[in-house]
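Structural characterization, general
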Amino acid sequence: MSSLNWLQQNQLIRLIAFCLMPDHIHLLFQLGEKADLQKVMQSFGSFTGLQAYRQTGRGPLWKLGYHDHSLRAETEISSIVWYIEQNPVKAELVEQAEEWEWSSVEWQSNSSQD
């Protein structure tokens, strides 16, 4: 989360939804006005990869590249958020999305309690 928080605090993204899975991550964000997608993803990958290496002594964390999809309409957001947050349920890691602590479901519920 610290990498995503940094990207938000520096106005590079507005985070909408995320889900960290055992072998990949789903992110939905809006780029900041002066942000470049390639640089944002490079920064995110470098920071999280370094943090993971420091904790585990193993690397690399991420494969090169990423898959991006531009939303064409605001109405797509809710269905994409649902898809992202239901990923652990679909993968049979949990029974309910709220049980997966590495997603925006957990993040948003903690944010609303502050």
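The preceding data block contains the structure.
Computed from a predicted model, the values in this text were never measured in an experiment.

Each value, and the rule that gives it
- Residues numbered from 1 in each chain as written.
- Predicted model: local features only at pLDDT ≥ 70, side-chain atom pairs only at ≥ 80, totals over all residues.
- Heavy atoms only, no water.
- Helix = DSSP H or I, 4+ residues; strand = E, 2+ residues; numbered from the N terminus.
- Rg over C-alpha atoms; globule rule 2.2 N^0.38 Å.
- Buried < 20%, exposed > 50% of the residue type's maximum accessible area, 1.4 Å probe, protein only.
- Contact = heavy atoms within 4.5 Å.
- Areas by Shrake-Rupley, 256 points an atom, 1.4 Å probe, with all protein chains shown as cover.
- Lys, Arg positive; Asp, Glu negative; His and termini not counted.
- Charge placed at Lys NZ, Arg CZ, Asp CG, Glu CD.
- Phe/Tyr/Trp six-rings, centres within 6.5 Å; stacked < 30°, edge-to-face > 60°.
- Expected span 1.5 Å × (residues − 1).
- Arc of directions from axis to C-beta.
- Polar contact = N/O pair within 3.5 Å; in protein donor to acceptor, adjacent residues only side chain to side chain.

Section: the overall build of the protein chain
Counting secondary structure elements, the protein chain contains 4 helices and 2 strands. Across the protein chain, helices and strands are ordered from the amino to the carboxyl terminus as α-β-β-α-α-α. Against the globule reference of 13 Å for 114 residues, the protein chain gives a C-alpha radius of gyration of 14 Å, in line with a compact fold. In terms of its C-alpha atoms, the protein chain occupies a principal-axis envelope of roughly 35 × 30 × 30 Å. Residue burial in the protein chain is summarised as follows: out of 114 residues, 29% are buried. Considering only contacts within the protein chain whose residues lie at least 6 apart along the sequence, 46% involve residues at least 24 apart. Total accessible area on the protein chain stands at roughly 8,500 Å², and carbon and sulfur atoms take up 49% of it. Of the charged side chains in the protein chain, 8 are positive and 14 negative; the average position of the first set lies 13 Å away from that of the second.

Focus: unusual backbone geometry
The phi dihedral of Gln 11 is positive, around 55 degrees, even though this residue is not glycine. Inspection of the secondary structure assignment puts Gln 11 in the loop between helix 1 (2-9) and strand 1 (13-20).

Observations regarding the packing of aromatic side chains
Think of a pair of aromatic rings as described by two things: how far the centres are apart, and how the planes are tilted against each other in angle. According to the stated counting rule, one finds 1 aromatic pair in the structure shown. Taking 5.0 Å as the distance between ring centres and 75 degrees as the angle between the ring planes, the aromatic pair formed by Trp 100 and Trp 102 counts as edge-to-face. Residue classification places Trp 102 among the partly exposed positions, given a relative accessible area of 43%.

Description of the environment of Leu 37
Along the chain, the position of Leu 37 falls in helix 2 (residues 37-56). In sequence terms Leu 37 and Ile 13 are 24 residues apart; their C-alpha atoms lie 9.3 Å from each other. Once residues lying within four places of it in the same chain are set aside, the contact partners of Leu 37 are Phe 29, Leu 31, Tyr 66 and Asp 68.

A look at helix 2
Taking 1.5 Å as the rise per residue, helix 2 with 20 residues should run 28 Å; its terminal C-alpha atoms sit 28 Å apart, in good agreement. For helix 2, the full list of buried residues reads Val 40, Met 41, Phe 44, Thr 48, Gly 49 and Ala 52. For helix 2, the buried positions fall inside an angular range of 145 degrees around the axis, keeping them on one side. Opposite the buried face of helix 2, at more than 90 degrees from it, the exposed residues are Gln 38, Lys 39, Gln 42 and Arg 54. Next to the buried residues of helix 2 lie helix 1, strand 1 and strand 2 (25-31). Residue Asp 36 occupies the N-cap position of helix 2, its side-chain oxygen lying 3.2 Å from the main-chain nitrogen of Gln 38. Phi turns positive one or two residues past the end of helix 2, at Gly 57, with a value near 75 degrees.

Any functional reading would require information beyond the geometric quantities listed.
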